[in-house]
Amino acid sequence: MYALEKQLKKLGIAKQYLLFVLFFVLLGNITAEAQNITFKLNAPQSVVVGDKLHVSYVLSNSEGSNFSAFSQLDGFSVLFGPATYSGSQSININGQVYQDYYEQYTYTLTAQKAGTYTIPAAIITVNGKKYTSNTAKIKVFPPDDNDMGSRHFGTLTDQADLVSSKNTFVRAELSKTKIYEQEAFIVTFKVYSIYNMKYVSNIEFPEFEGFIREDIPSSSVLQVLAERVDGKIYNAAVLKKFLLFPQRSGKITIPSGKANIRVVVRSGKQHETAGMSRNIYVDSDVSVTTSPLTVNIESLPENKPLDYANAVGNFTIQSKISGTNVRENDGVTLSVDISGIGNLKLIKTPTIDFPESFEAYDPKINTEASPSAGGLTGSQKIEYYFIPRQQGQFTIPETKFSYLDPVSGKYKQLTIPSYNMNVAKDPTGGKNGSATSYNEQDDSKVVKDILYLKTNEYKFRETGNFCFGSLGYWLWYIIPSLLFVGVLLFYRRLIKENADVVRQKKKKANRMAIKRLKQADIYLKANNKEKFYEETLRAVWGYLSDKLSIPVAELSRENIEQELSKYGASKELSDSFIFILDTCEFARYAPAEADVMDNFYNKTVDTITEMENTVKVK
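Conventions used here
- Residues numbered from 1 in each chain as written.
- Predicted model: local features only at pLDDT ≥ 70, side-chain atom pairs only at ≥ 80, totals over all residues.
- Heavy atoms only, no water.
- Pairing = 2+ DSSP bridges.
- Helix = DSSP H or I, 4+ residues; strand = E, 2+ residues; numbered from the N terminus.
- Patch = residues over 30% accessible without salt bridge, like charges linked within 9 Å, V, L, I, M, F, W, Y side chains within 5 Å.
- Areas by Shrake-Rupley, 256 points an atom, 1.4 Å probe, with all protein chains shown as cover.
- Salt bridge = Lys/Arg side-chain N within 4 Å of Asp/Glu carboxyl O.
- Buried < 20%, exposed > 50% of the residue type's maximum accessible area, 1.4 Å probe, protein only.
- Phe/Tyr/Trp six-rings, centres within 6.5 Å; stacked < 30°, edge-to-face > 60°.
- Core = buried A, V, L, I, M, F, W, Y, C linked by side-chain atoms within 4.5 Å.
- Contact = heavy atoms within 4.5 Å.
- Axes fitted to C-alpha atoms, helices over the stretch in contact; angles between N-to-C directions.
- Left-handed = near helix turned anticlockwise from the far one by under 90°.
- Nonpolar A, V, L, I, M, F, W, Y, C, P; charged D, E, K, R; others polar.
- Expected span 1.5 Å × (residues − 1).
- Polar contact = N/O pair within 3.5 Å; in protein donor to acceptor, adjacent residues only side chain to side chain.

Student: In this structure, what is going on with the sheet that holds strand β21 (residues 293-298)? I would like to understand it.
Tutor: In sheet architecture, strand pairing relies on hydrogen bonds along the backbone and comes in two forms, parallel and antiparallel. Read from one edge of the open sheet, three strands run β12-β21-β18, paired in mixed fashion. With partners counted over all chains shown, the strands left at the sheet margins are β12 (179-180) and β18 (250-254), one partner each. In this sheet, β21 lies alongside β18 in antiparallel orientation, the contact comprising five bridges. The residue of β21 that forms the bridge with T253 is T294.

And the structure:
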């Protein structure tokens, strides 16, 4: 007995020791992961002939030696390098702080010839082990055909840059030219500018009528690259990508999209710094619109199979069943997995032809897919749940699944195999071994032609008599008649009021003024002084014209006070309107502070509100 207790104690100590060792092994793995050594090449994707660029090899989490890279590059001139930098940064993992050390080897190059070039890998030694970096491709564009230096901050000049639709615009580009109905393709909205772009706002993409749309995630920061368009070099950036599935054949038009782009341009002014003249740059906003784009969608090829599943792409299919030897009333699951790339979310669910004695339920569908260049990539998992209700030998027949391969333009067929089911008698079932109950007892197609009988007692109740001349009888006539008369009187009154044009304009005057002032408030928040005062002036003139029933052309400062007095407006109220009109005319051409504009906006709203209250009181 004592020996047994001693062995158990030893086992307990050993278990604690194993847990202690396991803890430090896991801690070591976390530390090793935090200090994972990497050696990567960073380089731009595109440049223009004559541009300077930097390519950097970065070693992370260790110190290296014997760095070896290129000495010459085809298409580039090596100006300097490698310049070596080193540093560290702190990383917090589950409360544990690690130091991430890095070394960077940077080359400064100049692009010499147009073409596509590969920056070779470099080699470095870390603790006696050699690490090789990745390679990178750089596309070098030729300069502008007109040789005016398109992508620039500008040369020294006192001329201001003028942003227009010729040097800053947005295009919609398609990933494919030949597209079938239901075939996925990508439409990319890209912004181009010869100036440096800061950001894009107020983007309005089209509705894509005739397509089903999937948004492709994109970065909120503009990734600007050089791109050549019609012989001219631009700064280009992707605004948004959409994965589209056309729902019909023929020509479908993608409407225009809109966006506001803020670019950096020369102001036309200069300042002196250390005896040198330098241009002053300012931000400029430009509104751009894409041209409508017509897409020609081809019809599906002829000889479409009867089992065509509305699927376009490239797919595979797998299936499995939870069991083939079961008993009556046991639940069985048939799982089907359709994987591939295409219109996964739009395919038709295969219809399994279960035997009549099987009680089948609606299939459970789960689609996991992400957008890609060829469509949605992922899988659709379908679970068919059914219950055999009769013993015997049964066969679930094979099911065909056809789809269109857009590359070959031909239909391809997949098969869900057949399954032989051996259903044994349920020991808890009826004497004859048939099903004791069905989920839907009103179905006339039951096993062995046995119809269900209801054994519960029936209860009858008297429905009562409907007496002619009772109160309910007369109310059925009186209430609809009164409602008809009331609606008729209201409708006639509404027609009479709508016919009075002057009255309608007066009623809508305040609403129209509020609408215009909302636009003025937008300009106020944007600090657009000229547009703010212009919109406020238009709102006040329009309000007075509608309220006084006088055309704007006949209104003047002289007759405003006289006409307002007819509505009971005080002289102070009339003077407020005159002050607003004069201020708007003057302030559009004079400097104004943001707080002054804000106070002026509030005064305008208060004056119109006071006028409305005066009219209501009168």
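Text resumes after the structure shown.
Student: How should I be thinking about a nonpolar patch on the surface in this particular structure?
Tutor: A grouping of W474, W476, Y477, I478 and L482 is seen on the molecular surface, where their side chains present a nonpolar patch of about 650 Å² in accessible area. On the secondary structure map, W476 appears in helix α2 (residues 471-499). The exposed category is assigned to W476, whose relative accessible area is 66%.

Student: Looking at this structure, how should I read the pairing of strand β29 (residues 399-405)?
Tutor: Each regular strand shows side chains that alternate between the opposite faces of the sheet. With respect to burial, β29 is a largely interior element, six of its seven residues being buried. Relative to β29, strand β22 (residues 308-321) runs parallel, the two being bridged by three bridges. By the bridge assignment for β29, V312 is matched with L404. Bridging between β29 and strand β30 (residues 410-416) involves seven bridges; their strand directions are antiparallel. Paired with T399 across the two strands is I416, which belongs to β30. Linking two consecutive strands that pair antiparallel, namely β29 and β30, is a turn of four residues; a positive phi of about 70° is found at G409 within it.

Student: How should I be thinking about the packing of aromatic side chains in this particular structure?
Tutor: Two aromatic rings are characterised by how far apart their centres lie and by the angle between their planes. Following the criterion strictly, the structure yields 25 aromatic pairs and no others. Between Y192 and Y234, the aromatic rings sit 6.3 Å apart at their centres with planes inclined by 80°, giving edge-to-face as the arrangement. With Y192 in strand β13 (residues 185-193) and Y234 in strand β17 (residues 232-246), this residue pair connects regions lying 42 residues apart in the sequence. Classification of Y192 as buried rests on a relative accessible area of 1%. Here the aromatic rings of F358 and F386 are separated by 5.3 Å at their centres, their planes lie at 5°, and the arrangement is stacked. A residue pair is termed long-range when its members are at least 10 positions apart, and F358 in strand β25 (residues 358-360) and F386 in strand β27 (residues 375-388) qualify at 28 residues. This pair shows no difference in class: F358 is buried, exactly as F386 is.

Student: Explain the nonpolar core to me, please; I cannot follow it from the model alone.
Tutor: The biggest cluster of nonpolar side chains holds 33 residues, and the ones touching the most others in it are I321, I338, F358, F386, I396, F401 and M421. Of all elements in the fold, only β17, β22, β24 (332-342), β27, β28 (392-396), β29, β30 and β31 (419-424) reach the threshold of two or more residues within this core. Sort the elements by how many residues they give to this core and β22 lands first, with five residues. In this view, I338 contacts F315, T316, I317, L344, I347, P350, G378, S379, Q380, I382 and F401; residues no more than four positions away in its chain are not counted. Grouped together as the second largest cluster of nonpolar side chains are 32 residues, V170, Y195, L239 and L244 included.

Student: What is the right way to look at the sheet that holds strand β23 (residues 325-327) in this model?
Tutor: Read across the open sheet, the three strands follow the order β23-β31-β28; overall the sheet is mixed. In this open sheet, the two edge strands, each paired with only one partner strand, are β23 and β28. Strand-to-strand twist in this sheet, taken as the mean axis angle between neighbours without regard to direction, amounts to 30°. Relative to β31, β28 runs antiparallel, the two sharing five bridges. In the sheet register, I396 faces β31, and the bridge partner there is Y419.

Student: Please explain the packing of helix α4 (residues 529-548) against helix α6 (residues 571-587) as it appears in this structure.
Tutor: Taken N-terminus to C-terminus, the directions of α4 and α6 make an angle of 150°; their axes are 9 Å apart at the nearest point. In the packing of α4 onto α6, the handedness of the crossing is left-handed. Contacts from K529, Y533, T536, L537, V540, W541, Y543 and L544 of α4 reach α6 at F577, I580, L581, C584, E585 and A587. The class makeup of the residues in the contact of α4 with α6 is eleven nonpolar, one polar and two charged.

Student: Help me understand the pattern of salt bridges, please; the structure alone is not making it clear to me.
Tutor: For side chains bearing opposite charge, pairing can occur when the charged atoms are close. For the structure on display, the rule yields 16 salt bridges. Measuring nitrogen to oxygen at the nearest pair gives 2.9 Å for the salt bridge that ties E183 to K176. Judged by relative accessible area, E183 falls into the buried class, the value being 5%. For the salt bridge of D283 with K198, the shortest nitrogen-to-oxygen distance reads 2.9 Å.

Student: It is not clear to me how α4 should be interpreted in this structure. Could you clarify?
Tutor: Side chains of residues three or four places apart in an α-helix project in the same direction, reflecting 3.6 residues per turn. Over its 20 residues, α4 extends 29 Å from the first C-alpha to the last, a length consistent with the 28 Å expected when each residue adds 1.5 Å. Within α4, 16 of the 20 residues are buried, which leaves it mostly tucked inside the rest of the structure. Between the side-chain oxygen at the start of α4 and the backbone nitrogen of K531 there is a gap of 3.4 Å, and the oxygen is on N528. Following α4 by one or two positions, S549 adopts a phi angle in the positive range, close to 60°.

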